[in-house]
Amino acid sequence: MERFKALNRLSHYRRTLFPHSSDSNSNSLCDDTVLVEGKASSRIVTLNRPHVLNAVVTPMGVRLIELYESWEKDPHIGFVVIKGSGKAFSAGGDVVCLYQFMDEGRLEDCKDCFRTFYGLMYLIHTYMKPHVALIDGVTMGAGAGISVLGTFCVATDRTVFGTPETLIGFHPDGGASYFLSHLPGYLGEYMGLTGATLSGAEMVACGLATHYSRSAKIPLIEEQLKTLLSDDSSVIEAVLAKFSDIAYPDERSVLCRIEMLDKCFGYDTVEEIVNALESEATGSNDPWCISTLKKLRQASPLSLKIALRSIRESRSQTLEECLIREYRISVHAISRQISSDFYEGVRARLVDRNFAPKWNPPRLEDVSKDMVDRYFLPLGEYEPELELPKKLQEAFD
C-alpha cells in the first residue's frame with residue numbers, strides 16, 4: 001500500500017512539474033533529469049537540469065533514492081559518482097516550485113520534498129559504498145548536502161559553494177547545520193548567516209572537500225573511474241589523488257581573516273555578532289567587516305536567529321538529529337503560522353525579483369525568543385516527525 005501511495009505521489013509530481021507531458025512520456029521526462037551511466041564497477045549519475053543550474057525537484061530525489069538503494073544491494077556495483085551537467089553541480093532545491101506549492105496551499109507536497117531530500121542526504125552520509133561527488137561549478141543548498149556528506153568531494157577552480165538560505169527567509173537545511181557546525185572555529189556560523197561563498201581551494205582548506213582538481217581534469221577523472229573494478233575506497237582515493245592539484249586560498253580569502261571572524265562570530269546572539277562587526281568596522285574601516293554587515297542586513301532577521309541556534313545545537317548532535325530538527329524548522333516555515341519570511345524571500349528574490357523582501361519581523365530586536373523557540377518545537381500529535389532509515393550510523397557520525 002505504501003509503495004502504491006509513493007508511486008501515486010511521484011506520478012502527481014511529474015504531472016505538476018512537467019505539465020506539458022502526457023502519462024506516456026512523463027517517465028522519460030523525469031528520467032532525463034537524472035542520467036545514469038554504468039561501466040565496470042561504477043555508476044555515474046548526472047543531475048540534468050542545466051537551464052536551472054540543476055536545481056533538484058522531488059521526482060529527482062525519489063529517483064536517486066531508488067537508484068542508490070538498489071546499487072547498495074548489488075554486489076557487482078562498487079561505487080557511485082555524482083556530477084552535474086553544464087556550469088553547475090546543483091544550485092539546490094527548486095524553491096520556486098516550493099513557493100508555488102505554498103501559494104496553492106499544497107503543504108503536503110512541500111513536506112514530501114523535504115522528507116525526500118533529507119532522506120537522500122542521510123542515505124549518502126551512511127552509504128555502505130564509496131561515493132564521489134564532482135562539484136565542478138555552482139554548489140549550493142541541497143547540492144551542498146548531496147556532495148559534502150559523502151565519502152569524497154572533488155572541488156575545482158569553477159566551484160562556488162554556499163548556503164544562502166537566510167537571504168530567502170529560510171535556514172541552512174539538508175544537513176547544512178551539521179556540516180557547517182564541524183568547520184574550523186566559527187566559519188560555519190559565518191557561512192550560514194551571511195550566505196557567503198567559498199571557492200574550491202577554500203573548501204579543501206577548511207575540510208569541506210577532500211580533493212581539488214582543475215576543471216579541465218574532471219573528464220580525465222571520470223574516464224579513469226569508469227574503468228575501475230573495485231569497491232575499495234583507497235583505490236578510488238588513489239585515482240583522485242593522481243589528478244589532484246595544489247591550490248591555496250588567496251590573500252582575500254575569508255580563511256585569511258579567521259581570527260577576526262572568530263572574534264566577531266563567536267558570540268551567543270546575532271545582536272552581539274552585529275555589534276562586534278560594527279565596532280571593528282568603525283575602528284578600522286575594514287572592508288570585510290563592512291561587506292559582512294551588508295550581507296547580514298539583507299537577510300531575514302528571524303532566519304538569522306534560527307540559523308545561529310540551529311548551527312550551535314548541531315555541534316553536539318548526529319546528522320540524524322540535525323535532519324530531524326531541520327525538518328521541524330522547515331515545516332514551521334512553510335506553514336506561515338509564525339512568519340511568512342520564506343514565502344516572501346522567494347517571491348522577492350526569485351519570483352518578482354524586486355530584491356526588496358518585507359521581512360516580518362523587520363528588525364533583529366523585534367524577533368523574540370519565543371518566536372524562535374516555536375520553530376524548534378516538536379511538530380505535534382497529528383504531524384509526523386521526519387523518519388529516517390535505521391542503519392548502523394554510529395560509524396558515520
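These figures come from a predicted structure and were not determined experimentally.

**Student:** Explain the UniProt feature "domain: Enoyl-CoA hydratase/isomerase" (unreviewed entry) in the protein chain here, please?
**Tutor:** In this numbering, the UniProt entry assigns the feature "domain: Enoyl-CoA hydratase/isomerase" (unreviewed entry) to residues 43–376. The distance from the first to the last C-alpha atom of residues 43–376 is 38 Å, and the span holds 52% helix and 10% strand.

**Student:** Even after reading the chapter, I still don't get the pairing of strand β1 (residues 34–39), so can you show me in this structure?
**Tutor:** Look at any regular strand and the pattern is simple: side chains alternate between the two faces of the sheet. Strand direction decides the pairing type here: β1 and strand β2 (residues 42–47), joined by 6 bridges, are antiparallel. Note on β2: the bridge partner recorded for Glu-37 is Ile-44. The hairpin formed by β1 and β2 contains 2 residues between the paired strands, and Ala-40 there has a positive phi angle of roughly 55 degrees.

**Student:** I keep staring at the packing of aromatic side chains and nothing clicks. Help me out?
**Tutor:** Tallying each qualifying case throughout the model produces 10 aromatic pairs. A ring pair is formed by Phe-170 and Phe-342, whose centres lie 4.2 Å apart and whose planes are at 25 degrees; its orientation type is stacked. Taken together, the positions of Phe-170 in the loop between β8 (160–162) and α7 (176–181) and Phe-342 in helix α17 (residues 341–351) put the pair 172 residues apart, joining distant regions of the chain. Taken as a pair, Phe-170 and Phe-342 share a single burial class, namely buried. Plain terms: the ring middles of Tyr-190 and Trp-288 are 5.6 Å apart, the flat faces sit at 35 degrees to each other, and that makes the pair tilted. One end of the pair, Tyr-190, is in helix α8 (residues 187–194); the other, Trp-288, is in helix α14 (residues 287–298), and 98 residues separate them in sequence. Per residue, the accessibility class of Tyr-190 equals that of Trp-288, and both read buried.

**Student:** What am I meant to see in α14 here?
**Tutor:** Each α-helix turn comprises 3.6 residues. Residues three or four places apart therefore point the same way. For α14, spanning 12 residues, the distance from its first C-alpha to its last is 17 Å, which sits close to the expected 16 Å at 1.5 Å a residue. Those residues of α14 lying buried are Trp-288, Cys-289, Thr-292, Leu-293 and Leu-296. Seen end-on, α14 carries its buried residues on one side only, within an arc spanning 130 degrees. What points out from α14, more than 90 degrees from its buried face, is the exposed set Pro-287, Lys-294 and Arg-297. Where the residues of α14 are buried, they touch α8, α12 (258–265), α13 (270–284) and α15 (301–314). For α14, the N-terminal capping position is held by Asp-286, with its side-chain oxygen 2.7 Å away from the main-chain nitrogen of Trp-288.

**Student:** Hey, could you run me through unusual backbone geometry in this one?
**Tutor:** With the exception of glycine, most residues fall at negative phi, and the peptide bonds are largely trans. Residue Pro-361 is bonded to the preceding Asn-360 through a cis peptide linkage, with omega at 0 degrees. Here Pro-361 is to be found in the loop between α17 and α18 (369–375). Although it is not a glycine, Leu-53 adopts a positive phi angle of roughly 55 degrees. Here Leu-53 is to be found in the loop between β2 and α3 (58–73). Despite not being glycine, Asn-54 has its phi angle at roughly 60 degrees, a positive value. Topologically, Asn-54 is positioned in the loop between β2 and α3.

About the criteria used
- Residues numbered from 1 in each chain as written.
- Predicted model: local features only at pLDDT ≥ 70, side-chain atom pairs only at ≥ 80, totals over all residues.
- Heavy atoms only, no water.
- UniProt positions renumbered as here; feature names shortened; annotations may be inferred.
- Helix = DSSP H or I, 4+ residues; strand = E, 2+ residues; numbered from the N terminus.
- Pairing = 2+ DSSP bridges.
- Phe/Tyr/Trp six-rings, centres within 6.5 Å; stacked < 30°, edge-to-face > 60°.
- Buried < 20%, exposed > 50% of the residue type's maximum accessible area, 1.4 Å probe, protein only.
- Expected span 1.5 Å × (residues − 1).
- Arc of directions from axis to C-beta.
- Contact = heavy atoms within 4.5 Å.
- Polar contact = N/O pair within 3.5 Å; in protein donor to acceptor, adjacent residues only side chain to side chain.

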